[in-house]
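Descriptive analysis of the structure
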Amino acid sequence: MTNSLADLSTRLFNRKFGTPLTALQNIGGHGFMTPYYFIALTSKEEAIKPVYDLYKNNPGESLQNLRNAYEESLFESKNFKINIQLFMSDKQAKPSQDLFDQVTKELEEMNSIPKGTYSFSLNDNFIDKQSSEGAKDNSLKRGFPDYIIKE
């Protein structure tokens, strides 16, 4: 999974946008978070639960044992959410419909990214310090009920 998501990160980084690192340091988040996306699991995700339980009981558990605990047959894409949230690099720029359409098309066509349910938002450059939110009325979004689903 890491290599596939690394490929996605590289593609996004080459466009020179993402969540400003200082914003990430200030807002934190939930799940696994990078400057370009965060991953969240629903409570119904049973494939990873044995890994989580094993790690919770023994944080020093070997990587091999953690991998062996993963129940791939129980994985369901709808329970694995990859949320991509990008910000324009130009502080004055509004979200670009052309960039949004291009990234959305690439996400739909990519076969190297992990199975899961993808949402995508393109925001201007401003993140509210009090709410930690970057989404505004001018943000461009693709998500519920029109997720990009990779099976």
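Report on the accompanying structure. (Residues numbered from 1 in each chain as written. Predicted model: local features only at pLDDT ≥ 70, side-chain atom pairs only at ≥ 80, totals over all residues. Heavy atoms only, no water.)

Quick notes on unusual backbone geometry
Our working rule: Only DSSP runs of H or I with at least four residues qualify as helices, and only runs of E with at least two residues qualify as strands; both kinds are numbered from the N terminus onward.
Of the consecutive residues phenylalanine 144 and proline 145, the connecting peptide bond is found in the cis state with omega at 0°. Mapping proline 145 onto the fold places it in the loop between β5 (140–142) and β6 (148–150).

Remarks on the environment of serine 112
The residue serine 112 is located in the loop between α5 (97–109) and β4 (116–123) in this model. It is 10.0 Å that separates the C-alpha atoms of serine 112 and lysine 150, two residues lying 38 residues apart in sequence.

What to know about the nonpolar core
The condition that has to hold: What makes a nonpolar core is a set of buried Ala, Val, Leu, Ile, Met, Phe, Trp, Tyr and Cys residues whose side-chain atoms join them at distances within 4.5 Å. Burial classes: relative accessible area under 20% of the type maximum marks a residue as buried, over 50% as exposed, and values in between as partly exposed (1.4 Å probe, protein chains only).
Among the nonpolar cores identified, the biggest contains 19 residues, and Ile82, Ile84, Leu107, Phe120 and Leu122 are the most heavily contacted of them. Sorting the residues of this core by element identifies β2 (37–41), β3 (80–87), α5 and β4 as the ones contributing at least two each. The element that contributes the greatest number of residues to this core is β3, accounting for four residues.

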